[in-house]
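Report on the structure
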Amino acid sequence: MGSLRILVSNYLINVAFIAWGSAQIIKTLLVFISTKKFEAERLFGAGGMPSSHSALVCSMAIGMCRKMGFDSPEFALALAFAAVVMYDAMGVRRAAGEQAKVLNKIVFDFSDLWGKPDTDKDVVLQEGEEIEKNALRDKALKEYLGHTPLEVLGGALLGILVAMIVKVS
């Protein structure tokens, strides 16, 4: 029990998880408002507005600044880490998500061309090996991986806000 008390009394852990959780909830609510459908995957998945990764690392950086000071090496490290994570979210991870969209479109467009409408199984991969189109769609690549600059900014602002609101312990 003592370990749990220590864990929840850590200001930096608290702001990080409050910022991350808030971003995931906001993201889920925004998807629900726009699509009128609840998508549970948005509660834990990557991508979307606001960036939970940016919220987490920015809350840690600002929290470190508040706790250790602007001129501390810990703040410098947290700030550098935040910059790398946010750059990666807008660059490599976003590019991977865009590639996943293209690959999924190619696979599904070809599966439509190969289809045999008079049977339940409509995609032939190799002689004698068939797969149902629904099974193929279940294996689609994840497209929500990275973020636009606006989504990263939204997450960063949320993280900063959380770190400024939560009392330093």
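First, a word on scope: everything that follows refers to the structure included in this document. Please read these numbers as outputs of a predicted model, since none were measured by experiment.

**Considerations on the overall build of the chain**
Broken down by element type, the chain carries 7 helices and 2 strands. Ordered by position in the sequence, the α and β elements of the chain form the string α-α-α-α-α-β-β-α-α. Across the 169 residues that make up the chain, the buried fraction comes to 34%. Here the analysis covers contacts within the chain between residues at least 6 apart in sequence; of these, 68% occur between residues at least 24 apart. Accessible surface for the chain amounts to roughly 10900 Å². Of this, 68% is attributable to carbon and sulfur atoms.

**Details of the packing of aromatic side chains**
The relation between two aromatic rings is expressed through the spacing of the ring centres and the mutual angle of the planes. This model, assessed by the stated rule, comprises 1 aromatic pair. Judged by centre distance (5.3 Å) and plane angle (35°), the rings of Phe-70 and Phe-75 are tilted.

**Some details on the packing of helix 3 (residues 52-68) against helix 4 (residues 73-90)**
Running from N to C, helix 3 and helix 4 cross one another at 170°; their axes reach a closest spacing of 8 Å. In terms of orientation, helix 3 and helix 4 fall into the roughly antiparallel class. Of the two elements, helix 3 crosses helix 4, and the hand of that crossing is left-handed. Here helix 3 contributes His-53, Ser-54, Val-57, Cys-58, Met-60, Ala-61, Met-64, Cys-65 and Met-68 to the contact with helix 4, which in turn contributes Glu-74, Phe-75, Ala-78, Leu-79, Phe-81, Ala-82, Val-85 and Met-86. By residue class, the composition of the contact of helix 3 with helix 4 is 14 nonpolar, 2 polar and 1 charged.

**With respect to unusual backbone geometry**
Note the cis peptide between Met-49 and Pro-50, where omega equals -5°. For Pro-50, the location among the structural elements is in the loop between helix 2 (11-35) and helix 3. Not every positive phi belongs to a glycine, and Lys-36 is a case in point at roughly 60°.

**Brief notes about helix 7 (residues 149-165)**
An ideal rise of 1.5 Å per residue puts 24 Å on 17 residues; helix 7 measures up with 24 Å between its terminal C-alpha atoms. Regarding helix 7, the residues found buried are Glu-151, Val-152, Gly-154, Gly-155, Ala-156, Leu-158, Gly-159, Val-162 and Ala-163. Turning to helix 7, the residues buried within the fold contact helix 2, helix 3 and helix 4.

**A closer look at the nonpolar core**
Ranked by internal contacts, the top residues of the largest apolar core, which has 14 residues, are Tyr-11, Val-15, Ala-55, Met-64, Leu-158, Val-162 and Val-166. The biggest single contributor to this core is helix 2, with 5 residues. Val-57, Cys-58, Ala-82 and Met-86 belong to the second largest nonpolar core, which has 8 residues in total.

**Let's talk about the side chain of Gln-24**
Within the element layout of this structure, Gln-24 appears in helix 2. A polar contact is formed between the side chain of Gln-24 and the backbone oxygen of Leu-43, at a distance of 2.9 Å. Not counting residues within four places of it along the chain, the set of residues in contact with Gln-24 comprises Arg-42, Leu-43, Phe-44, Gly-45 and Ser-52.

**With respect to the packing of helix 2 against helix 7**
Between helix 2 and helix 7, whose axes approach to 9 Å, the crossing angle comes to 135°. One element, helix 2, and the other, helix 7, form an angle in the oblique class. Crossing angle aside, the handedness with which helix 2 passes helix 7 is right-handed. Of helix 7, the residues touching helix 2 (which contributes Tyr-11, Val-15, Ile-18, Ala-19, Ser-22, Ala-23 and Ile-26) are Leu-158, Gly-159, Val-162 and Ala-163. Each residue belonging to the contact of helix 2 with helix 7 can be placed in one class, and the counts come to 9 nonpolar, 2 polar and no charged.

**Some words on the environment of Phe-17**
Note on placement: Phe-17 falls in helix 2. Among the residues examined, Phe-17 registers a relative accessible area of 55% and is labelled exposed. C-alpha separation for the pair Phe-17 and Gly-159, spaced 142 residues apart in sequence, amounts to 9.8 Å.

Cut-offs used in this document
Residues numbered from 1 in each chain as written. Predicted model: local features only at pLDDT ≥ 70, side-chain atom pairs only at ≥ 80, totals over all residues. Heavy atoms only, no water. Helix = DSSP H or I, 4+ residues; strand = E, 2+ residues; numbered from the N terminus. Buried < 20%, exposed > 50% of the residue type's maximum accessible area, 1.4 Å probe, protein only. Contact = heavy atoms within 4.5 Å. Areas by Shrake-Rupley, 256 points an atom, 1.4 Å probe, with all protein chains shown as cover. Phe/Tyr/Trp six-rings, centres within 6.5 Å; stacked < 30°, edge-to-face > 60°. Axes fitted to C-alpha atoms, helices over the stretch in contact; angles between N-to-C directions. Parallel < 35°, antiparallel > 145°, perpendicular 65-115°, else oblique. Left-handed = near helix turned anticlockwise from the far one by under 90°. Nonpolar A, V, L, I, M, F, W, Y, C, P; charged D, E, K, R; others polar. Expected span 1.5 Å × (residues − 1). Core = buried A, V, L, I, M, F, W, Y, C linked by side-chain atoms within 4.5 Å. Polar contact = N/O pair within 3.5 Å; in protein donor to acceptor, adjacent residues only side chain to side chain.

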